[in-house]
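If you want the building blocks of each chain, they are given just below.
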Amino acid sequence: MALQALQSSGVAFRRILSHFPEELSLAFAYGSGVYRQVGPSADQKLIKYGVISTNILIDDLLNWNNLYIAGRLQKPVKIIAMNENIALRSALDKNLRSAVTTAFLMLPESFSEEDLFIEIAGLSYSGDFRMVVGEDKTKVLNIVKPNIAHFRELYGNILQDNPQVVYKIQQGRLEIDKSPEGQFTQLMTLPKTLQRQINHIMDPPGKNRDVEETLLQVAHDPDCGEVVRLGLSAIVRPSSMKQSTKGIFTAVTEREREAETQAEREAGSMHREPDVGFDPGSPGSRPEPKA
């Protein structure tokens, strides 16, 4: 993600936001593909956007139901607008802390800042079949390496306040508690959906142990990090399949729009900005505020 590329786009972003309800809770931009040029004219741009209810967003940030939006917000993004929703702000902070804790469980006792940020950036790609078929295999590295400073700004205070880590800022190194007791403490603070997936993976058929008992066993397991990774994969895989299907449909639709726009331009049609808005009839769009 090249945040620098977004710094001059404030006017355009405000124009986009004017199409949405005033009670919008959160708007953010991410990735180098926030703008995509349509046709040869640099003045005409197609804006890709998504809409989600505030309650569903908060639930995903806290519990990692699918790690789709929560995963995006674990990486540096440009916040365009945000209201004073205390529950949302708390959930955003909890999502970052959960990302740090989960990464700790999959890292060795000593590691670099870059190791940590690569692990965090890769959480939402665990189990994503698109990383095996089609996607750039260096995608996570490409997100992190140009943006170490932005990741440090996003996570620095959380790392300094965490009692389980020794953060050597000048050396860019960290050391964490890998004792079973330390890992159990970390496992107990993981998002609920991830805890349930770990319990499902580790609980033998018919035994029906509670989650805490399973997490205590995992804390003593030398392969604790791999178990956590399997739990993440179980969350991400179904979501990635759905998003891939949607992506195929969107790509076809966008190609059709580009062809129509080019035909209008060649016919001397009057320039028209692409529509930007939301579907008031979509599930969860009313009466809840949008994020």
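Residues numbered from 1 in each chain as written. Predicted model: local features only at pLDDT ≥ 70, side-chain atom pairs only at ≥ 80, totals over all residues. Heavy atoms only, no water.

1. Remarks on unusual backbone geometry
Here's step 1: Not every positive phi belongs to a glycine, and tryptophan 64 is a case in point at roughly 55 degrees.
Here's step 2: Its place among the elements puts tryptophan 64 in the loop between α2 (54-63) and α3 (69-72).
Here's step 3: You can call tryptophan 64 buried: its relative accessible area is 0%.
Here's step 4: Despite not being glycine, leucine 67 shows a phi value in the positive range, around 65 degrees. (Helix = DSSP H or I, 4+ residues; strand = E, 2+ residues; numbered from the N terminus. Buried < 20%, exposed > 50% of the residue type's maximum accessible area, 1.4 Å probe, protein only.)

2. What to know about the pattern of salt bridges
Here's step 1: Inspection of the entire model under this criterion finds 7 salt bridges.
Here's step 2: Two residues, glutamate 113 and arginine 152, come together in a salt bridge whose shortest N-O distance is 2.9 Å. Placement of the pair is glutamate 113 in helix α5 (residues 113-121) and arginine 152 in helix α7 (residues 148-161), with a sequence separation of 39 residues.
Here's step 3: You can call glutamate 113 buried: its relative accessible area is 5%.
Here's step 4: The shortest N-O distance in the salt bridge between lysine 145 and glutamate 114 comes to 2.8 Å. Placement of the pair is lysine 145 in the loop between α6 (139-144) and α7 and glutamate 114 in helix α5, with a sequence separation of 31 residues.
Here's step 5: On the accessibility criterion, lysine 145 (47% relative accessible area) is partly exposed. (Salt bridge = Lys/Arg side-chain N within 4 Å of Asp/Glu carboxyl O.)

3. Structural notes on the packing of helix α9 (residues 192-202) against helix α10 (residues 211-219)
Here's step 1: Their axes nearest at 9 Å, the elements α9 and α10 cross at an angle of 75 degrees. Relative to α10, the element α9 is oriented roughly perpendicular. Side by side, α9 and α10 meet where Gln195, Ile198, Asn199 and Met202 of the first sit next to Val211, Thr214, Leu215, Gln217 and Val218 of the second.
Here's step 2: Of the residues in the contact of α9 with α10, the class split is 5 nonpolar, 4 polar and no charged. (Axes fitted to C-alpha atoms, helices over the stretch in contact; angles between N-to-C directions. Parallel < 35°, antiparallel > 145°, perpendicular 65-115°, else oblique. Contact = heavy atoms within 4.5 Å. Nonpolar A, V, L, I, M, F, W, Y, C, P; charged D, E, K, R; others polar.)

4. A short note on the sheet that holds strand β6 (residues 165-168)
Here's step 1: Strand order in the open sheet made by the 3 strands is β5-β7-β6, with antiparallel pairing throughout. Of all strands in the sheet, those bounded by a partner on one side alone are β5 (110-112) and β6. Ignoring which end each strand starts from, the neighbouring axes of this sheet average 20 degrees apart.
Here's step 2: Where β6 lies against strand β7 (residues 173-176), 4 bridges are found, and the strand directions are antiparallel. Residue pairing in the sheet places lysine 168 in a bridge with arginine 173 of β7.
Here's step 3: Helix-sheet contacts for α5 involve β5, β6 and β7, and the interaxial angle to β5 is about 85 degrees.
Here's step 4: On top of the sheet, α7 reaches β6 and β7; it is set at about 130 degrees to β6, its chief contact. (Pairing = 2+ DSSP bridges.)

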